[in-house]
Amino acid sequence: MTALDKINAPPTRLSGTALYDWDYLVQEDRAHRLIYTDPAIFEAEMTNIFGGTWTYLAHESEIPNNNDFITRRLGLRPLIVVRDGDGKIRALYNRCTHRGTTLCRWDKGNSKSFQCPYHGWNFLNTGKLRGVPWPDGYAEDMRDPKYNIAQVPRVESYRGFIFVTLNMDALPLVAHLGPIAKVIDEWLDRNPGGKVVVCEANRFRYRGNWKLAYDNSCDGYHVAYSHRSLLETENRFAGENAKGMAYYRNSPDTQAMYMRYTGHGNHFKDKRPNLEKRPGGLWALESAHPGMEHYEAEFIRRYGDRAFALLDLAGSEPVNINVFPNFSLLGNHIQVFEPIGVEETNAIWYGTMIVDDGHVPADAITDINALRMRTQEGFPNFGEVDDIANFEQIQRGLMALEDEWVYMNRGFGIPGRIKTNDDGTITAPATDEAFMREHFKEWKRLMKARPNLAIQREP
Ligand code: FES
Ligand SMILES: [Fe+2]
């Protein structure tokens, strides 16, 4: 019996995950501290979640040319994401088939092959073993496919966003995304040509469970408190003209923004209804950054009536789109959560640039991207640090063993507060924890399932 057979075998009394009572650990309005602290549950998540469902890996613009590669992870599995010589995107296990060392130790590059640093086995970027040093030393036929690099069997992109799963029974990616795909479309379509290109990242690591980040991804309740210093800074700069996240002041429940759950653990928080619908509406909300007045004056001088529509391209889109378990679009960023251990997580913020589609003057593209760099610095540097402090302090708080429950019951049980729409999506006020209750139903469904996991190798 292979390890994969064992993972896929029906539960027995002794098989790890069957020992947990998932319905007890995650209830309608609360979750048990163990799901954030137990190493065995973390290990089960690495197969049932980061393996059992679609997980975001990378953006196609990070490997634009044939033979480009980047290294990433799927749960704890090290991967090489490569565009091979025929342009096909593959997710190769970054693991030599000889004795198991990682093959590629670079973050990115361009190469037709990978040579193992240990004994020099050499692999094509299709995953095929190309040759080994002194092959006469082997009695066996080294062309046996078992020596080709393992790869993730299902790699699909949605408009440039590359997702993968090991689960042969998972729905096709588009069906899995369902209604959240339309919101991703809207996020992309406001950019020239409906595209963005990914820039280098702002990288954070925190000492806490990965789910703490996803639990916060749609949380409109914490903003006025956790990000108070940021709100005060923005508003001190902006005077009477409240900027940035100012719409969280007063009572955020009475604002036009809302949260929607779209299924499969995915949700978005939509602050767009708070915007003034006019060219420059988004730009007007952008908080103060060094140099922005200069750009604004220069755009008005150069582009006249068109200036504010162009400046909107540098403004942050006021919607947070979250695809379970590890992907968020917020403002102009792509944020990715990478579990490192039960109490350690990477939170990586990739900035994005717009590209020339022939309709925006070339010098405006350059200036908008320079300005986007400024607007994209704000939140990760002044907001994410607040969130990470919370995640680390939650992890500490959860070490109080006897106090077992985490509550997610805001908005729960209030008649008429949460609406189920005709398409099955769920709408609630932006401060409710409805999103969390819903993504935990998906988490529980996946943890109870016996996913049909597989790898493949070139024949
Ligand atoms: S471990 Fe890679 S060649 Fe030996
Ligand atoms: Fe936050």
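Please refer to the structure higher up on the page.
The rules behind the values
Residues numbered from 1 in each chain as written. Chains lettered and ligands numbered in written order. Predicted model: local features only at pLDDT ≥ 70, side-chain atom pairs only at ≥ 80, totals over all residues. Heavy atoms only, no water. Donors = N, O, S within 2.8 Å, 3.2 Å for Na, K, Ca; no water. Helix = DSSP H or I, 4+ residues; strand = E, 2+ residues; numbered from the N terminus. Buried < 20%, exposed > 50% of the residue type's maximum accessible area, 1.4 Å probe, protein only. Core = buried A, V, L, I, M, F, W, Y, C linked by side-chain atoms within 4.5 Å. Contact = heavy atoms within 4.5 Å. Pairing = 2+ DSSP bridges. Axes fitted to C-alpha atoms, helices over the stretch in contact; angles between N-to-C directions. Salt bridge = Lys/Arg side-chain N within 4 Å of Asp/Glu carboxyl O. 1 Å grid on protein atoms, 1.4 Å probe; cavity = no way out; pocket = protein on both sides within 12 Å on 5 of 7 lines; lining within 4 Å. Points joined across faces, edges and corners; volume = space filled by probe spheres on them. Phe/Tyr/Trp six-rings, centres within 6.5 Å; stacked < 30°, edge-to-face > 60°. Nonpolar A, V, L, I, M, F, W, Y, C, P; charged D, E, K, R; others polar.

Digging into the coordination of the iron ion (ligand 2)
Piece 1. Protein coordination at the iron ion (ligand 2) comes from H222 (NE2), H227 (NE2), D387 (OD) and D387 (OD), with a distance range of 2.1 to 2.5 Å.
Piece 2. Mapped onto the sequence, the donors of the iron ion (ligand 2) take the spacing H-x4-H-x159-D. Taken together, the positions of H227 in the loop between α8 (223-226) and α9 (228-238) and D387 in helix α14 (residues 384-397) put the pair 160 residues apart, joining distant regions of the chain. D387 carries the same exposure label as H227, and that label is buried.

A word on the nonpolar core
Piece 1. Core analysis: the largest hydrophobic core is formed by 41 residues, its most contacted members being I35, Y36, I49, W210, F440 and W443.
Piece 2. The element best represented in this core is helix α15 (residues 434-448), accounting for seven residues.
Piece 3. Other than its neighbours up to four places away in sequence, I49 contacts A44, T55, W210, F324, P325, W443, L446 and M447.

Remarks on the pairing of strand β17 (residues 333-341)
Piece 1. Judged by how many residues are buried, β17 sits mostly within the fold: nine of nine residues are covered.
Piece 2. Adjacent in sequence and paired antiparallel, strand β16 (residues 327-330) and β17 are bridged by two residues, among which G331 carries a positive phi angle near 55°.
Piece 3. Of the pairings in the sheet, the one linking β17 to strand β18 (residues 344-353) comprises seven bridges and is antiparallel in character. Its bridge partner lying in β18, Q335 is registered against W349.
Piece 4. The hairpin turn running from β17 into β18, its antiparallel successor, is two residues long.

Quick word on the sheet that holds β16
Working definition: the strands of a sheet are paired by backbone hydrogen bonds and lie parallel or antiparallel to each other.
Piece 1. Taken in spatial order, the nine strands line up as β12-β18-β17-β16-β15-β14-β13-β21-β20 in an open sheet, and their pairing is antiparallel. Only two strands of the sheet have a single neighbouring strand rather than two, namely β12 (197-206) and β20 (419-420).
Piece 2. Across the sheet, α15 touches β13 (258-263), β14 (266-270) and β21 (426-429), and the angle it forms with β13 is around 10°.

Looking at the pattern of salt bridges
Piece 1. Applying the stated criterion across every chain yields a total of 29 salt bridges.
Piece 2. Of the charged contacts in the structure, one is a salt bridge between K182 and E186, with a shortest N-O distance of 3.1 Å. Note that K182 and E186 are positioned in helix α6 (residues 180-189) at a spacing of four residues, about one turn of the helix.
Piece 3. When the shortest N-O distance is used, the salt bridge between R278 and E276 registers 2.9 Å.
Piece 4. Bridged by salt links that share partners, the residues E298, R301, R302, D363 and D367 form one connected network.

A short note on empty space enclosed by the protein
Piece 1. Overall, the coordinates contain one cavity of 30 Å³ or more when judged by the stated rule.
Piece 2. One number sums up the size of the largest cavity: a volume of about 90 Å³.
Piece 3. Lining the largest cavity are 14 residues, with Y56, R73, N326, V336 and E338 sitting closest to its centre.
Piece 4. Among the elements of the structure, β2 (55-59), β3 (68-74) and β17 are those that each provide at least two residues to the lining of the largest cavity.
Piece 5. Looking at which element gives the most residues to the lining of the largest cavity, the answer is β17, with four residues.

Brief notes about the packing of aromatic side chains
Piece 1. In total, this model carries 21 aromatic pairs according to the counting rule given.
Piece 2. On the numbers, 6.4 Å between centres and 55° between planes, the contact of F161 with W187 is tilted. One end of the pair, F161, is in strand β11 (residues 161-165); the other, W187, is in helix α6, with 26 residues separating them in the sequence. By the burial criterion, F161 is buried, and W187 matches it.
Piece 3. Ring centres 5.9 Å apart and planes at 75° place the aromatic pair F440 and W443 in the edge-to-face group. Taken together, the residues F440 and W443, both in helix α15 and three residues apart, mark about one turn of the helix. Taken individually, F440 and W443 each receive the classification buried, so the pair is uniform in this respect.

Quick word on the layout of surface pockets
Piece 1. A volume near 500 Å³ is recorded for the second largest pocket.
Piece 2. Listed by contribution, the elements that provide at least two residues to the lining of the second largest pocket are β3, β4 (77-83), β6 (108-110), β12, β17 and β18.
Piece 3. With six residues, the single largest contributor to the lining of the second largest pocket is β3.
Piece 4. Per-class residue counts for the lining of the second largest pocket are ten nonpolar, six polar and eleven charged.

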